[in-house]
Amino acid sequence: MYADGLSIHLSDSPRLAALRAETPTEEAFDRLSGGEAHDLNNLLSPILGYLIIINSVKRSSKMIFRSCFLILMLFLIPGQLFAGTVLKFGHILKKTTGHHQNLVWTQQTIEEKFGSRYILEIYPEGSLGKTDLQVVEGFKTGTTNMAYLTCGHLIGLYNPLAISSGPFVFKNFDHWKAFSKSDLFTELVAGLRQQTGINALGLAYYGERHVTTKTPLGQSLSLEGLLIRVPSIPVSLQTFRLLGAKPVPIPFHEVYQALQDGVVQAQENPLPAIKAMKFYEVTPVINLTAHITDAQLIVVHDEFWQTIPADDRNQLAEIFKITGERVTADVRAAEIQLQEEFKQMGVTINPVDRSRYIDTIQVYHLDDKTFPWKSNVYRKIQQLQKLK
């Protein structure tokens, strides 16, 4: 914008420098001198031009000019333009879980490192969607741009990585951990980003899933005809059908009531979730089936992610990677501790011979028809256990 031959630009205006030195809002002006100033130049330049014309007519009106400028800054500029970049993180878990508590740590760490440049907002307990997938669907509308995403929800989005929430894929926690640090996992995460625009910054262990019932599973370990609540994840539904049960998808926060009312006879979840949701009150037998070793990706909408400067992305990615590691350590420690704690609470812990289930399911892992991932991925994961 030009007024009487004068070029006006917020980032290099001498008047702005003078005003900045005389006002208590120095930090706000400093921020304006960068990218925000460029964005606002078109808005303010015409107004400032007219003000300067008026000022040139009556030089003694400097105070009026400055007052008008400050009023414009305070009332005409949208406040959002001064705010930092907001990371909107949605999840369905309770605030008492390690997953949420470590996000609070992440929130504090980001604030300490970046000040107000980046703000992590956390939306827990399904406030932005009843399932992980519903939360992630918010990426399209901007309702959210980060989430925990259970790998089982990747079916139909990116099938190869969905295997990490597959039944009896991992022998134990150490086997899962070897996979999480493998080149194979890195390769699968890269494929997820390329195919879906979902970028995984970390991996948070969710725990070994166990079946809880009102009475112990018998020696035959038969699940035939058992009405069991499972998450609305295709692989979970398929797994229990293959084992003879009748799986029923029910939202996480409705499971307790469904068990209490007899809508279902059983449910399955990791020990920390069983504790947090008090499922042991209505199904006081925990059968240690460990049928799925579950985990959640810490994901971000890649289109949004790429708007952040590369150096900041690298630093934020490292923070979220550590978040996943912290969650993993907390959940694993809780799993070990809770078995004894549940016994002291009067809950029955029922060890089972998992080999019967493993033999049944392995056939389907190798047939390249039943599950949406390929048998070669399953074989590579089994090879990781042999290399340990």
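Residues numbered from 1 in each chain as written. Predicted model: local features only at pLDDT ≥ 70, side-chain atom pairs only at ≥ 80, totals over all residues. Heavy atoms only, no water.

Here we come to the side chain of T213. Topologically, T213 is positioned in strand β6 (residues 198-213). When its relative accessible area of 4% is taken as the criterion, T213 is described as buried. At a separation of 2.6 Å, a polar atom in the side chain of T213 contacts the main-chain carbonyl oxygen of T215. Within the local environment of T213, its side chain forms a polar contact with the side chain of N287, the two groups lying 2.9 Å apart. (Helix = DSSP H or I, 4+ residues; strand = E, 2+ residues; numbered from the N terminus. Buried < 20%, exposed > 50% of the residue type's maximum accessible area, 1.4 Å probe, protein only. Polar contact = N/O pair within 3.5 Å; in protein donor to acceptor, adjacent residues only side chain to side chain.)

Summarising the sheet, strand β7 (residues 227-230) and strand β8 (residues 246-249) pair through four bridges and their orientation is parallel. Paired with I228 across the strands is P247, a residue of β8. Between β7 and its parallel partner β8, the chain crosses via helix α9 (residues 234-242), and the hand of that crossover is right-handed. Bridging between β7 and strand β9 (residues 266-270) involves two bridges; their strand directions are parallel. When the bridges of β9 are listed, R229 appears paired with Q267. (Pairing = 2+ DSSP bridges. Right-handed = clockwise from strand over helix to strand, strands pointing away.)

This part covers the packing of aromatic side chains. Throughout the structure, instances matching the rule amount to 11 aromatic pairs. Within the aromatic cluster, the residues linked to one another by ring pairs are F170, F179 and F185. When the ring centre of W105 is taken as origin, the NZ or CZ atom of R326, which lies over that ring, is 4.2 Å away. (Phe/Tyr/Trp six-rings, centres within 6.5 Å; stacked < 30°, edge-to-face > 60°. Lys NZ or Arg CZ within 6 Å of the ring centre and 35° of its normal.)

This part covers unusual backbone geometry. A positive phi angle, close to 55°, is found at E125, a residue other than glycine. Turning to its location among the elements, E125 is positioned in the loop between β4 (118-123) and α5 (132-137). What makes E125 partly exposed here is its relative accessible area of 35%. Of note, the phi angle at D368 is positive, near 60°, even though the residue is not glycine. Turning to its location among the elements, D368 is positioned in the loop between α14 (355-366) and α15 (375-387). Exposure remark for D368: the relative accessible area of 39% places this residue in the partly exposed category.

Let us look at the nonpolar core. Counting 96 residues, the largest nonpolar core has L161 and L297 as its most contacted members. Those residues in contact with L297 that lie beyond four places of it in its chain are A147, Y148, L149, C151, L154, L161, F185, L192, A200, G202 and L203. (Core = buried A, V, L, I, M, F, W, Y, C linked by side-chain atoms within 4.5 Å. Contact = heavy atoms within 4.5 Å.)

Taking 1.5 Å as the rise per residue, α14 with 12 residues should run 16 Å; its terminal C-alpha atoms sit 17 Å apart, in good agreement. Among the residues of α14, Y357, I361 and H365 are the ones counted as buried. Axial view of α14: buried residues confined to an arc of 70°, hence all on one face. Exposed positions of α14 whose direction lies more than 90 degrees from the buried face are D359 and V363. Downstream of α14 by one or two residues, D368 has phi in the positive range, about 60°. (Expected span 1.5 Å × (residues − 1). Arc of directions from axis to C-beta.)

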